[in-house]
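One-letter residues, chain by chain:
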Amino acid sequence: MRLAYYPGCTLKTNAKSFEISAIASAKVLGVELVELTRWNCCGTVHALAKDDVMHYIAPIRNLIRVEEMRDEGIVDENILVTLCEMCFNTLKRANTEVLKDGEKMRKVRENMEERDPAYRGEVEIKHFLEVVKDIGWNNISNLVIKKLKGLRIIPYYGCLLLRPRGLGIDDPDNPTILESLIKSLGGESVEIPFKSKCCGSYHTVHMEQVASELSHRILSQAAEAEADLIMLTCPLCSYNLGDRQEEIKKSFKGLRTIPVVYFTQLMALAFNLPAESTGFSENKPDPTVILKNKDLL
Amino acid sequence: MNGKDEKFITIYIMGKKHMVPANLTIMKAMEYAGHQFRRGAGCRGGFCGACSTIYRTKGSYKLQVALACQKIVEDGMIVTQIPFSPADKKRYDIDRLKPEANTFLEYYPEISRCLACNTCTKACPQDIMVMDYVQAALRGDVKEAARLSFDCIGCGLCAVRCPAEIVPYNIGQLARRLYSKHVVGPASHVLNRVKEVNEGKFDEEINKLKNMPKEELQNLYNSRDIKV
Amino acid sequence: MAFKDARRTINYGFQNESFKFKVSELSGEDINLCFQCGGCSSGCPLAEEMDFLPSKIVRMIQLGREEALDSETIWVCSTCFNCEVRCPRGIDVANIMEALRQLKLRKKYSHVSLDSLEKSKIRTLPQIAIISNQRKLSA
Ligand code: SF4
Ligand code: SF4
Ligand code: SF4
Ligand code: SF4
Ligand code: FES
């Protein structure tokens, strides 16, 4: 099955390993992720004010591209797959809003370039995790070559994969999708209370200390739970919890190092894909030490 | 131009009504109406980007763009020039920059505000996919940003229309500089020519021109062969 | 753990009907539904950094108190929607925060100006951080 796939800006820079490992593991599942043609930045965050139609233009423009690809037979479904959870939320919210409100749809259409066809409203936004889930946890287990045995993994959801209600991919009060994935890959899912609390998000730009504090709560809970890794789905969470971890340790002495990886990297590892496909060399902090200790690398 | 069947039409230059010959460009029509260009005209050939113009036509809400030296006037055209767009051009040492997304963000962080509204593309008299090159820069695709912006003449119309206050042509220029400096590298024909210049291949010709009487030089210039 | 909000009281006495109306309209939330249970505030990961807790902001809107616009809270909120999933009355407080931010941003106020950020900092940030920050906090 060929599905249109929306990378988003950061998967082309800081989060390359997310993209590479996702495309490679999708192949194992029989899914070809075809990069959306002429995609543009979705805006990363949702427009919430009720009269704010301008910010829907960017996400909807991408959905027009999906319909075009489907019409041209480049992909098999009117589905857009995302990896970054912020892109997922933004695209899905914009789609939901214009489908719900004809007036918004009309305004968005009128403000598109004349050359572009009108958005028909046929596209469904799916997070890659939903694609994985649809394949079935048992089927995923059967594809695993290298079980992630003894690997203690925190399923970290962040905010926008689960909330707001109705847009999220799982029950916001009791999510299980990441836990199920970890189990299917043969790993051990480790609970922490803050698995879906905010990492500090975009405050990392101008309120570093606040972001550090929020991320520290999550990291210290993970350390206390004796986890080996944090597994997540968002390049901004990954930046705050991973790339900034050294910096956070300066403010919070004694914090143990905990590598942060994308869920697709662990899939690629369990499917026994080569190092180019797991992309662990790009993660900060380095996860390879712990993976070697567990005989997984 | 003074033929019997010459047709006149009405245009509005900055709100003032003028009758002008129908076959003139906007620039010539403005001169015909008595305007003198101190700014807003350069090459008169569609290359320099000095003559950016915006206009509307009767019965249409559309704001249209043109180069005054290229566009022929239309009846009922309401027109004004935007000869300059204020922009803060950053100083950088291209040798030290890396061809990646954060280079654009470092000098022009406002590209992060791009709404993908496509207004810039609609404003471009060169029919460049302006939004697409800004977006390419934002995701660090230097090659694509350089390729798409190649025909930019820096007229500035995109910059005055952008709701995110981005100056797209500065982005395109940085992209092309990064691309040529760090991706393709120096062109061999340019290096050869520089070598030839240094070796004195053109000295004789240059000296001839230098010593030529002014009048002869003028004649030579006026009768020059222009390749279009 | 020091809450900035500690001991801060809000001014009672109804003030500005049109402000209340504007916030309801922009947020799409029925602000009268709030019965001040405090659920939103107890789940808010940024509560400590706020000068008024989210539930207090909601109360201020109910009372038409425009000073909600001057609170730090609306800029500290990270739009994480924890409040949304907790509210027993079905109010999405994140939408209210956005409405308040928009009321400021639409009057040429930028909370975070890109000009004030250090270049060296920008170099290390992923696009996703800068873009979202600007979308939420600049005009
Ligand atoms: S990209 Fe902008 S500056 Fe360049 S030609 Fe087009 S409108 Fe003019
Ligand atoms: S006009 Fe500005 S905001 Fe709109 S697409 Fe162009 S660069 Fe982006
Ligand atoms: S959305 Fe804002 S107010 Fe609501 S819980 Fe999150 S940070 Fe707090
Ligand atoms: S959770 Fe809902 S009802 Fe309770 S205080 Fe917050 S907004 Fe009001
Ligand atoms: S005068 Fe140079 S482009 Fe028109």
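Residues numbered from 1 in each chain as written. Chains lettered and ligands numbered in written order. Predicted model: local features only at pLDDT ≥ 70, side-chain atom pairs only at ≥ 80, totals over all residues. Heavy atoms only, no water.

A. Focus on the interface of chain A and chain B. Counting from both sides, the interface comprises 17 residues of chain A and, opposite them, 14 residues of chain B. At the boundary of chain A with chain B, total buried surface from both sides reaches about 1400 Å², with 53% on carbon and sulfur atoms. Counting the surface chain A buries against chain B, the share from its top three residues, Arg38(A), Arg61(A) and Glu113(A), is 29%. Counting every contact that joins chain A to chain B gives one salt bridge. At the surface where chain A touches chain B, the tally comes to five residue pairs in polar contact (both at pLDDT 80 or more). A per-class count over the side of chain A that touches chain B returns seven nonpolar, four polar and six charged. (Contact = heavy atoms within 4.5 Å. Buried area = accessible area lost by both parts, 1.4 Å probe. Salt bridge = Lys/Arg side-chain N within 4 Å of Asp/Glu carboxyl O. Polar contact = N/O pair within 3.5 Å; in protein donor to acceptor, adjacent residues only side chain to side chain. Nonpolar A, V, L, I, M, F, W, Y, C, P; charged D, E, K, R; others polar.)

B. Summary view of the packing of helix α5 (residues 128-135) of chain A against helix α7 (residues 177-184) of chain A. Residue and element names in this part refer to chain A. Between α5 and α7, the least distance of the axes is 11 Å, while the angle of their chain directions is 55 degrees. The orientation of α5 with respect to α7, classified from their angle, is oblique. Classified by chirality, the crossing of α7 by α5 is left-handed. Contacts between α5 and α7 pair Leu-129, Val-132 and Lys-133 from the former with Ile-177, Leu-178 and Leu-181 from the latter. When its residues are assigned to classes, the contact of α5 with α7 shows five nonpolar, no polar and one charged. (Axes fitted to C-alpha atoms, helices over the stretch in contact; angles between N-to-C directions. Helix = DSSP H or I, 4+ residues; strand = E, 2+ residues; numbered from the N terminus. Parallel < 35°, antiparallel > 145°, perpendicular 65-115°, else oblique. Left-handed = near helix turned anticlockwise from the far one by under 90°.)

C. Quick peek at the site of ligand 3. Around ligand 3 lies a shell of 14 residues, among which Cys44(C), Cys77(C), Cys80(C), Phe81(C) and Cys83(C) are the nearest. Mapped onto the shell around ligand 3, the elements with two or more residues apiece are α5 (82-86) and α6 (93-105) of chain C. (Near = heavy atom within 4 Å.)

D. The pairing of strand β1 (residues 2-6) of chain A, seen in detail. All names here are of chain A. Burial analysis of β1 places four of its five residues in the buried class, the great majority of the element. Direction of pairing for β1 relative to strand β2 (residues 32-35): parallel, over a ladder of four bridges. Note on β2: the bridge partner recorded for Arg-2 is Glu-32. In the classification by handedness, the crossover that spans β1, the intervening helix α1 (residues 16-28) and the parallel β2 is right-handed. (Buried < 20%, exposed > 50% of the residue type's maximum accessible area, 1.4 Å probe, protein only. Pairing = 2+ DSSP bridges. Right-handed = clockwise from strand over helix to strand, strands pointing away.)

E. Representation of the pairing of strand β2 (residues 16-21) of chain B within the structure. When strand β1 (residues 8-13) of chain B meets β2(B), the two strands line up antiparallel, connected through six bridges. Paired with Thr10(B) across the strands is Met19(B), a residue of β2(B).

F. Representation of the interface of chain C and chain A. Contact with chain C, which involves 43 residues of that partner, is made by 44 residues of chain A. Broken down residue by residue, the surface that chain C buries against chain A is led by Phe81(C), Ile128(C) and Arg135(C), which jointly contribute 17%. Here chain C is connected to chain A by three salt bridges. Note that Arg106(C) and Asp51(A) form a salt bridge whose closest N and O atoms lie 2.8 Å from each other. Counting across the chain C and chain A interface gives 21 residue pairs in polar contact (both at pLDDT 80 or more). Sorting the residues of the side of chain C that touches chain A by element identifies α1 (17-27), α4 (73-76), α5, α6, α7 (119-124) and α8 (127-137) of chain C as the ones contributing at least two each.

G. How the structure looks around the environment of Ala99(C). Residues and elements named next belong to chain C. Tracing the sequence through the fold places Ala-99 in helix α6. For Ala-99, a relative accessible area of 0% translates into the label buried. As a C-alpha pair, Ala-99 and Val-23 span 76 residues in sequence and 5.9 Å in three-dimensional space. Setting aside anything within four residues of it in sequence, one finds Ala-99 in contact with Val-23, Leu-26 and Ser-27.

H. Fine view of the sheet that holds β1(A). Residues and elements named next belong to chain A. Pairing in this open sheet of four strands is parallel, and the strands run β2-β1-β3-β4 from one edge to the other. A single partner strand is all that each edge strand has here, and the edge strands are β2 and β4 (124-127). Sheet twist, expressed as the average angle between the axes of neighbouring strands with direction ignored, equals 45 degrees. Where strand β3 (residues 79-82) and β4 come together, four bridges link them in parallel fashion. Bridging across to β4, Val-81 finds its partner in Lys-126. Contacts between α1 and the sheet are confined to β1 and β2, with β2 contributing the most and set at about 135 degrees to the helix.

I. Summary view of the site of ligand 1. All residues in the neighbourhood of ligand 1 are listed as Cys124(B), Pro125(B), Gln126(B), Val130(B), Tyr133(B), Cys152(B), Ile153(B), Gly154(B), Cys155(B), Gly156(B), Cys158(B) and Tyr169(B). Its residues assigned to classes, the shell around ligand 1 shows nine nonpolar, three polar and no charged.

J. Structural view of the pattern of salt bridges. Under the counting rule described, the total for this entry stands at 42 salt bridges over all chains. We note a salt bridge from Lys104(C) to Asp70(C), for which the minimum N-O separation is 3.6 Å. Pair noted here: Lys104(C) is in helix α6 and Asp70(C) is in the loop between α3 (54-62) and α4, with a separation of 34 residues, a long-range link. Its relative accessible area of 58% is what places Asp70(C) among the exposed residues. Through salt bridges with shared partners, a single ionic network connects Arg61(A), Arg65(A), Glu68(A) and Asp116(A).

K. Looking closely at the packing of aromatic side chains. Within this structure, the stated rule accounts for seven aromatic pairs over all chains. Ring geometry for Phe8(B) against Tyr32(B): centres 6.2 Å apart, planes inclined by 55 degrees, an arrangement best described as tilted. Placement of the pair is Phe8(B) in strand β1 and Tyr32(B) in helix α1 (residues 26-32), with a sequence separation of 24 residues. Taking the relative accessible area as the measure of exposure, Tyr32(B) reaches 41% and is therefore partly exposed. Site record: aromatic cluster; members linked through ring pairs are Phe18(A), Phe128(A), Tyr262(A) and Phe263(A). Positioned above the aromatic ring of Tyr221(B) is the side chain of Arg224(B), whose terminal nitrogen or guanidinium carbon lies 3.9 Å from the ring centre. One residue, Lys104(C), lies across the ring of Tyr109(C), its end atom 5.3 Å from the ring centre. (Phe/Tyr/Trp six-rings, centres within 6.5 Å; stacked < 30°, edge-to-face > 60°. Lys NZ or Arg CZ within 6 Å of the ring centre and 35° of its normal.)

L. The environment of Gly64(C), seen in detail. Residues and elements named next belong to chain C. You can see Gly-64 is positioned in the loop between α3 and α4. For the pair Gly-64 and Phe-21, spaced 43 residues apart in sequence, the C-alpha separation works out to 8.5 Å. Aside from chain neighbours lying at most four places away, what touches Gly-64 is Phe-14, Gln-15, Asn-16, Phe-19 and Lys-20.

M. Just the domain arrangement of chain C, in detail. All names here are of chain C. As far as domains go, chain C holds domain 1 (1-107) and domain 2 (112-139). Distance between the C-alpha centres of domain 1 and domain 2: 25 Å. With five residues of domain 1 at the interface, the matching set in domain 2 holds four residues. Carbon and sulfur atoms supply 56% of the area buried between domain 1 and domain 2, which totals about 430 Å² over both sides. In this structure, the salt-bridge partner of Glu-98 is Lys-136, at a minimum N-O distance of 2.8 Å. Linking domain 1 to domain 2 there are one residue pair in polar contact (both at pLDDT 80 or more). At three residues, α6 tops the list of elements feeding residues into the side of domain 1 that touches domain 2. Partitioned by chemical class, the residues of the side of domain 1 that touches domain 2 number two nonpolar, one polar and two charged. (Domains from an automatic or database assignment.)

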